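Chains, contacts and geometry: an overview
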Amino acid sequence: MSLKEKAVLVTGGAGYIGSHTVRQLVEHSASRVVVLDSLERGHGASILDPSVKLFTGDIADSDLVEEIFTAFEIEAVIHFAAYTYVGESVAEPLKYYRNNTAAPLTILEAMQRHGCKQFIFSSTAATYGNPVSMPMTEEHPQQPINPYGASKLMLEQIIRDCETAWGLRAVFLRYFNASGCAPDAAIGEDHDPETHLIPLILMAISGEREHITVFGEDYETPDGTCVRDYIHVLDLANAHLKALDYLGKGGSTVACNLGTGKGVSVREMLTIAESVTGTKVPVIYGERRPGDPGELVADSARAKELLGWEAEYTDVRDIVATAWKWMTGPAKGRYANVKR
Ligand code: UDP
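Residues numbered from 1 in each chain as written. Predicted model: local features only at pLDDT ≥ 70, side-chain atom pairs only at ≥ 80, totals over all residues. Heavy atoms only, no water.

Here the focus is the packing of helix 5 (residues 104-114) against helix 6 (residues 147-166). Orientation of helix 5 relative to helix 6, taken along the N-to-C sense of each, is 15°, at an axis distance of 12 Å. Considering the angle they form, helix 5 stands roughly parallel to helix 6. The handedness of the crossing between helix 5 and helix 6 is right-handed. Mapping the contact onto sequence places Pro104, Leu105, Leu108, Met111 and Gln112 in helix 5 and Leu155, Ile158, Ile159 and Trp166 in helix 6. (Axes fitted to C-alpha atoms, helices over the stretch in contact; angles between N-to-C directions. Helix = DSSP H or I, 4+ residues; strand = E, 2+ residues; numbered from the N terminus. Parallel < 35°, antiparallel > 145°, perpendicular 65-115°, else oblique. Left-handed = near helix turned anticlockwise from the far one by under 90°. Contact = heavy atoms within 4.5 Å.)

So, about the packing of aromatic side chains. All chains considered together, the criterion is met by five aromatic pairs. When the ring of Tyr96 is compared with that of Tyr148, the centres are 6.5 Å apart and the planes differ by 85°; the resulting orientation is edge-to-face. In this pair, Tyr96 is assigned in helix 4 (residues 93-102) and Tyr148 in helix 6, connecting sequence segments 52 residues apart. Ring geometry for Trp326 versus Tyr335: centroids 5.1 Å apart, planes at 55°, classification tilted. You'll find Trp326 and Tyr335 in the same group, each marked buried. One aromatic cluster is present, formed by Tyr83, Tyr96 and Tyr148 through successive ring pairs. The side chain of Lys53 reaches across the aromatic face of Phe55, ending 5.1 Å from its centre. Positioned above the aromatic ring of Tyr219 is the side chain of Arg288, whose terminal nitrogen or guanidinium carbon lies 3.9 Å from the ring centre. (Phe/Tyr/Trp six-rings, centres within 6.5 Å; stacked < 30°, edge-to-face > 60°. Buried < 20%, exposed > 50% of the residue type's maximum accessible area, 1.4 Å probe, protein only. Lys NZ or Arg CZ within 6 Å of the ring centre and 35° of its normal.)

Before going further, it helps to spend a moment on the sheet that holds strand 14 (residues 295-296). Read across the open sheet, the three strands follow the order 12-9-14; overall the sheet is mixed. Pairing within the sheet leaves two strands with one partner each, and these edge strands are strand 12 (264-265) and strand 14. Examined bridge by bridge, strand 9 (residues 227-228) and strand 12 share two bridges and lie antiparallel to one another. What sits directly across from Arg228, in strand 12, is Val264. (Pairing = 2+ DSSP bridges.)

Before going further, it helps to examine the environment of Lys6. On the secondary structure map, Lys6 appears in strand 1 (residues 5-11). The partly exposed category is assigned to Lys6, whose relative accessible area is 42%. Remark: the alpha-carbon pair of Lys6 and Glu73, spanning 67 residues in sequence, is separated by 4.6 Å. Excluding its chain neighbours within four sequence positions, the residues that come into contact with Lys6 are Ser31, Arg32, Glu73 and Glu75.

In the vicinity of the ligand there are 15 residues, among which Leu197, Thr213, Cys226, Arg289 and Asp292 approach most closely. Asn177 has a polar side-chain atom sitting 3.0 Å from an oxygen atom of the ligand. Take Asp292: an N or O atom from its side chain is 2.6 Å from an oxygen atom of the ligand. Looking at the shell around the ligand, the elements with two or more residues in it are helix 7 (197-206) and strand 8 (212-215). Take the shell around the ligand: its biggest share by element is four residues, from strand 8. Considering only residue class, the shell around the ligand consists of eight nonpolar, four polar and three charged. (Near = heavy atom within 4 Å. Polar contact = N/O pair within 3.5 Å; in protein donor to acceptor, adjacent residues only side chain to side chain. Nonpolar A, V, L, I, M, F, W, Y, C, P; charged D, E, K, R; others polar.)

What follows deals with the sheet that holds strand 5 (residues 118-124). Pairing is parallel across the open sheet formed by seven strands, whose spatial order is 3-2-1-4-5-6-11. Of all strands in the sheet, those bounded by a partner on one side alone are strand 3 (53-56) and strand 11 (254-258). Adjacent strand axes in the sheet meet at a mean angle of 25° when their direction is disregarded. Summarising the sheet, strand 1 and strand 2 (residues 32-37) pair through five bridges and their orientation is parallel. Note that in strand 2 the partner of Val10 across the bridge is Val35.

With that settled, the discussion passes to unusual backbone geometry. In this structure, Pro135 follows Met134 across a cis peptide bond, with omega equal to -5°. Among the secondary structure elements, Pro135 is positioned in the loop between strand 5 and helix 6. For the bond running from Asp192 to Pro193, omega is 5°, close enough to zero to count as cis. Mapped onto the secondary structure, Pro193 falls in the loop between strand 7 (177-179) and helix 7.

So this is what it looks like as structure tokens:
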């Protein structure tokens, strides 16, 4: 019998979705939570609980990864660590294939060596590419249209091969549009540069940016602007805990979409943000952003059936309200402002 402390390893646990998941794990999981994060894009201040053991370093650092697997009995890995900018992935594909596809092999190798066979993977709707049917189920063709989506899809394939070879079991959680922040505004979304719609609208409202540019108003959607499925980060975090339970009970490898199933257009989002904040948004209408499909909405029936998961934040107003609270709260939407 191993005398080592049992733990769940969370790579990228200091990132946006990772930090919200770590917080829920600390609250609900019996195991110790261990985070491996380079802090290149994550924030040490987003890990609030002192019981969380933070290893600062690269997931491709085999000595460090071995140190973690030697110090703890890692029962499962939740893998967030990745680059997530579509535009950057187009400009610098090798950076994405190295970090998102090649680097996790070090984690998988350590798992194989140490007999750890449960893996939860932050996958993405970007693995589907241009939609051919709506809403999108997990059976939708996976033909990514940018290196970001391709880098994640390749890791899905690698994991399936590991399942065949040595019995790894995994849940691929394919996120739609992650949004919102912890409702107590203790942790939140802080990207640099920020490229996401909700924080950008709120920054235009707070005066931090001059305006928001709407990328295209000639799509074949009801109001001409892009429609997306915005899913609250707490709902995403909760899905990881449910996926852990599923694997713990012997569940086999499966992919699950995570969304609300409700589409919201950019124009609708502007109106919602104005009503939540009581302030007009300065808007400019611009060209389409290359690579943006008109509509992306999830069918998450499988996550409900297999994981018992459902989104609780089904009204996007509530999502925007939590993001606004974070932006105007004590941390003012930026970890750089947090004194801890
Ligand atoms: N969007 C926009 N202006 C911006 C940023 C985003 O009109 O400054 C639109 C974008 O075209 C997409 C939606 O908002 O339809 C959500 O974009 P985001 O980058 O937040 O997420 P994505 O869908 O690309 O993952």
